[in-house]
Amino acid sequence: MSAVEIAQVDDGSLVVSSETIAAGAGVEHRAVLQLIGNNIADFEEFGAVAFQMRPLPGGGNPVRIALLNEPQATLLMTFQRNTSQVREFKKALVKAFFEMARQIADMSVPRTLPDALRAYAAEVEAHEALKAQHALEAPKVHFADSVAASKTTILVRELATILRSKGVQTGERRLFETLRQEGYLIRRRGIDRNMPTQKSMELGLFEIAEGVGQPAGGDTHIRKTTRVTGKGQVYFINRYAPRDGLFEVEVAS
């Protein structure tokens, strides 16, 4: 049996591919993928199974493969037929994960005084960079909290102006249409058109301001206006202008 290939992915975790498992267990790759889909993919205790597409040499449709961590791979092997080849591969798989983890641990331990000093300096630098980042973000987070907690509401027209200042190509009419299409405002035509939906009200994104209107020669009536809350301002600016963030937005006075 050839050596079991274990890889380290970007987040530092160790994985084995479904192709490696298929070859080691002596089964078809599609059978391994079917076992994963039926028994492993939704097993939340071991995390979500990662998938990727591997291009074939010379072109053709790429192959979908799964990348399993050690608990996922070990669990998967319990669903394989208990042949002598599978039993041997189970042992090789456990050993391969153990050896790979040991090699990584050995590489991370400084062997000399200069290596230890460099490692310490890198750790201090990373810690200071994190502190500086937190210090930079703190005023922004405080400002966001202040906006969200503000009792001041603004019109949708004013929200559109804020979004436009942050590079979002919108205006009052276009923003109303977007909010209707995405289920934040009522779409159907009638007296409640452009009023907040139940979802929006439960999220605290809007308030309804009521006033008294009396056209010349007409009867007095109640006029309702949709206004965006402080929480709503935070929500929609982060939704429609996420790269810029809300932190330069002024709370309407």
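Structure shown above.
Q: I'd like a rundown of the packing of helix 6 (residues 156–165) against helix 7 (residues 172–181), residues and numbers included.
A: In the contact formed by helix 6 and helix 7, the axes pass within 9 Å of each other and the chain directions differ by 105°. It follows that helix 6 is roughly perpendicular to helix 7 by the angle criterion. Facing Val-156, Arg-157, Leu-159, Ala-160 and Leu-163 of helix 6, the residues of helix 7 in contact are Glu-172, Leu-175, Phe-176 and Leu-179.

Q: Any chance you could break down the side chain of Thr-20 for me, citing the residues and the numbers?
A: Relative to the helices and strands, Thr-20 resides in helix 1 (residues 18–25). The residues contacting Thr-20, other than those within four sequence positions of it, are Val-4, Glu-5 and Phe-89.

Q: Which residues make up the nonpolar core, and what values go with them?
A: Within the largest apolar cluster, 23 residues are counted, with the highest numbers of intra-cluster contacts made by Ile-6, Val-16, Ile-21, Ile-36, Leu-68, Leu-76 and Leu-93. Elements that contribute at least two residues to this core include exactly strand 2 (14–17), helix 1, helix 2 (29–40), strand 4 (63–68), helix 3 (70–77) and helix 4 (84–108). With residues up to four places along the chain from it excluded, the contact list for Leu-93 reads Val-4, Ile-6, Val-16, Ala-73 and Met-77. Core analysis: the second largest hydrophobic core is formed by 19 residues, Ile-154, Leu-159, Tyr-184 and Phe-236 among them.

Q: With reference to specific residues and values, describe the environment of Arg-173.
A: Examined against the element boundaries, Arg-173 turns out to sit in helix 7. For the pair Arg-173 and Arg-157, spaced 16 residues apart in sequence, the C-alpha separation works out to 8.2 Å.

Q: Describe the pairing of strand 2, naming the residues involved and giving the relevant values.
A: Note on strand geometry: in a regular strand, side chains alternate between the two faces of the sheet. What you see with strand 2 is no split at all: Leu-14 and Val-16 on one side and Val-15 and Ser-17 on the other are buried throughout. Examined bridge by bridge, strand 1 (residues 7–8) and strand 2 share 2 bridges and lie antiparallel to one another. Bridge assignment links Ala-7 to a residue of strand 2, and that residue is Val-15. If you look at the hairpin formed by strand 1 and strand 2, you'll find 5 residues sitting between the two strands, and Gly-12 has a positive phi there, around 95°.

Q: Tell me about the sheet that holds strand 3 (residues 50–54), and name the residues and values.
A: Read from one edge of the open sheet, 4 strands run 1-2-4-3, paired in antiparallel fashion. Of all strands in the sheet, those with a lone pairing partner are strand 1 and strand 3, marking the two edges. Where strand 2 meets strand 4, 2 bridges bridge the pair, whose relative direction is antiparallel. Looking at the pairing, Val-16 lines up with Leu-68 of strand 4. Packing against the sheet, helix 2 makes contact with strand 3 and strand 4, and its axis sits at approximately 55° to strand 4. Helix 3 contacts strand 2 and strand 4 of the sheet and is inclined by roughly 105° relative to strand 4.

Q: Explain the side chain of Ser-18 to me, and be specific about the residues and the numbers.
A: Note that Ser-18 resides in helix 1. The exposure class assigned to Ser-18 is buried, which follows from its relative accessible area of 0%. With residues near it in sequence (within four places) discarded, Ser-18 still touches His-29, Val-32, Leu-33, Ile-36, Ile-65, Ala-66 and Leu-68.

Q: Talk me through the packing of aromatic side chains; I want residue IDs and the actual numbers.
A: Within this structure, the stated rule accounts for 5 aromatic pairs. Where Phe-206 meets Phe-236, the ring centres are 5.5 Å apart and the plane angle is 40°; that geometry is what we call tilted. Placement of the pair is Phe-206 in strand 6 (residues 206–213) and Phe-236 in helix 9 (residues 230–240), with a sequence separation of 30 residues. Residue classification places Phe-206 among the buried residues on the basis of a relative accessible area of 3%. According to the relative accessible area criterion, Phe-236 is buried, its value standing at 0%. The positively charged end of Arg-64 is found above the aromatic ring belonging to Phe-51, 3.8 Å away from the centroid. A cation over a ring is seen here: Lys-199 above Tyr-184, with NZ or CZ 4.4 Å from the ring centre.

Q: Residues and numbers for helix 6, please.
A: One full turn of an α-helix is made of 3.6 residues, so residues set three or four places apart face in the same direction. Buried residues of helix 6: Val-156, Leu-159, Ala-160, Ile-162 and Leu-163, and no others. Each buried residue of helix 6 lies within a common arc of 160° when the element is viewed along its axis, so the set occupies one face. At the exit of helix 6 stands Gly-167, carrying a positive phi of roughly 95°.

What counts as what
Residues numbered from 1 in each chain as written. Predicted model: local features only at pLDDT ≥ 70, side-chain atom pairs only at ≥ 80, totals over all residues. Heavy atoms only, no water. Axes fitted to C-alpha atoms, helices over the stretch in contact; angles between N-to-C directions. Helix = DSSP H or I, 4+ residues; strand = E, 2+ residues; numbered from the N terminus. Parallel < 35°, antiparallel > 145°, perpendicular 65-115°, else oblique. Contact = heavy atoms within 4.5 Å. Core = buried A, V, L, I, M, F, W, Y, C linked by side-chain atoms within 4.5 Å. Buried < 20%, exposed > 50% of the residue type's maximum accessible area, 1.4 Å probe, protein only. Pairing = 2+ DSSP bridges. Phe/Tyr/Trp six-rings, centres within 6.5 Å; stacked < 30°, edge-to-face > 60°. Lys NZ or Arg CZ within 6 Å of the ring centre and 35° of its normal. Arc of directions from axis to C-beta.

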